[in-house]
Amino acid sequence: MLELSFMRHAFIASTFIAIVSGFVGVFVVARNLSFLTHTLSEIGFAGGAFAVFVGWPVLNGMILFTMLSSILVGQMSIKESRREAVTSAVSALFIGLGILFLSLSSKNASSATNILFGSVVGINLGEVLQLICLSIIVIMVILITYRQLKFTSFDAIGARVSGLNATFYSVIFLVILALSVSVAAQIVGSLLIFILLTLPAASAKYFTHGVGKMIGLAILFSLLGTWLGLFLGYLTNWPVSFFIAVIEVIIYCSALIEQRVSGVE
């Protein structure tokens, strides 16, 4: 299997995507931003479709759209009372834009399929290198701001009382999240991106305590899903994203069962 260059590229890309997803996902779950991850996936779809329309690499279009809109959408939906309305409105707008860009482009239907559901087995070396660079940037920013992000994510009230500029670190995290969505969409597609950015971290919190341990376990669950998904996709020729979704859901259900058996909330 690894004798094939595209499979080697896929495993390298999936490894970095899983690591990024594990790091970012823990903070996504702690901040209750799953809704924003879902919204950014639709924005990423529109950005990818725009890239196809103008002839750019899909990743560049996703980064452009998610980076420009992440802070705006995040600030618009700070109030929980209007979160649902903002999410629905923005999602509808960008899905419509994505469909428009694809209809105006001269590409065939496979372009839309790749954006929506991922095309990791078709990723080339240049895209792998770009993905690695972006992943390293995301991880480095998280490591540099780790203490502040942990404080504002897990003890928001304490962070405000201590005088920490929570808004500033929220903006940093929104930018990190936008980059992560664009990076991870390369393997699972824009519509399924919330799987890797939420389920592994949500599962990890039932098995361990402590932010560092949760991140480590979330990365492990992400790696298990992506590696096993690639292997099963290679054997069956079924979509890799399907297997990743099933594996991560199984892990999450196992976590819920373990939590119920142990009686720990």
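Residues numbered from 1 in each chain as written. Predicted model: local features only at pLDDT ≥ 70, side-chain atom pairs only at ≥ 80, totals over all residues. Heavy atoms only, no water.

## So, the UniProt feature "transmembrane region" (unreviewed entry) in the protein
For step 1, the next point in the chain: Those places that UniProt annotates as "transmembrane region" (unreviewed entry) correspond, in this numbering, to residues 12-30, 50-73, 85-104, 116-145, 157-177, 183-202, 214-234 and 240-257.
For step 2, the next point in the chain: Along residues 12-30 the backbone is 100% helical and 0% strand, and the end-to-end C-alpha distance reaches 28 Å.
For step 3, the next point in the chain: The distance separating the terminal C-alpha atoms of residues 50-73 is 19 Å; by composition the span is 88% helix and 0% strand. (UniProt positions renumbered as here; feature names shortened; annotations may be inferred. Helix = DSSP H or I, 4+ residues; strand = E, 2+ residues; numbered from the N terminus.)

## Quick word on the side chain of Thr152
For step 1, the next point in the chain: Along the polypeptide, Thr152 turns up in helix H7 (residues 146-154).
For step 2, the next point in the chain: Relative accessible area serves as the criterion here: at 7%, Thr152 is assigned to the buried category.
For step 3, the next point in the chain: Polar side-chain contacts of Thr152 include one of 2.9 Å to the backbone oxygen of Gln148.
For step 4, the next point in the chain: At 3.3 Å, the side chain of Thr152 forms a polar contact with the backbone oxygen of Leu149.
For step 5, the next point in the chain: When neighbours within four sequence positions are excluded, Thr152 is seen to be in contact with Arg31, Ala159, Leu164, Ala166 and Tyr169. (Buried < 20%, exposed > 50% of the residue type's maximum accessible area, 1.4 Å probe, protein only. Polar contact = N/O pair within 3.5 Å; in protein donor to acceptor, adjacent residues only side chain to side chain. Contact = heavy atoms within 4.5 Å.)

## What to know about helix H10 (residues 193-207)
For step 1, the next point in the chain: Of all 15 residues making up H10, 11 are buried, and the element is well covered by its neighbours.
For step 2, the next point in the chain: Among the residues making up H10, those that are buried are Ile193, Ile195, Leu196, Leu197, Thr198, Leu199, Pro200, Ala201, Ala202, Ser203 and Ala204.
For step 3, the next point in the chain: In this structure, the buried side of H10 is in contact with helix H1 (5-30), helix H2 (34-54), helix H9 (166-188), helix H11 (211-236) and helix H12 (240-262).

## Digging into the confidence of the model for the protein
For step 1, the next point in the chain: On average, residues of the protein score 86 in pLDDT, and 90% of them are at 70 or above.
For step 2, the next point in the chain: Model confidence for the protein, summarised as mean pLDDT per element, is weakest for helix H5 (residues 109-117) at 66 and strongest for H11 at 95. (pLDDT = per-residue confidence, 0-100.)

## Remarks on unusual backbone geometry
For step 1, the next point in the chain: Positive phi is not limited to glycine here, since Asn32 has a value of about 55 degrees.
For step 2, the next point in the chain: For Asn32, the location among the structural elements is in the loop between H1 and H2.
For step 3, the next point in the chain: Accessibility expressed as a relative area gives 55% for Asn32, which makes it exposed.

## Quick word on the packing of aromatic side chains
For step 1, the next point in the chain: Going through the model one piece at a time under the given rule, you end up with 15 aromatic pairs.
For step 2, the next point in the chain: For the ring pair Phe50 and Phe101, a centre distance of 5.2 Å and an interplane angle of 65 degrees mean the geometry is edge-to-face. Remark: Phe101 occurs in helix H4 (residues 83-104) and Phe50 occurs in helix H2; sequence separation between them is 51 residues. When sorted by exposure, Phe50 lands in the same class as Phe101, which is buried.
For step 3, the next point in the chain: Geometrically, the ring pair formed by Phe242 and Phe243 is edge-to-face, given 5.1 Å between the ring centres and 65 degrees between the ring planes.
For step 4, the next point in the chain: Accessibility expressed as a relative area gives 39% for Phe242, which makes it partly exposed.
For step 5, the next point in the chain: Phe243 sits in the buried class, given a relative accessible area of 10%. (Phe/Tyr/Trp six-rings, centres within 6.5 Å; stacked < 30°, edge-to-face > 60°.)

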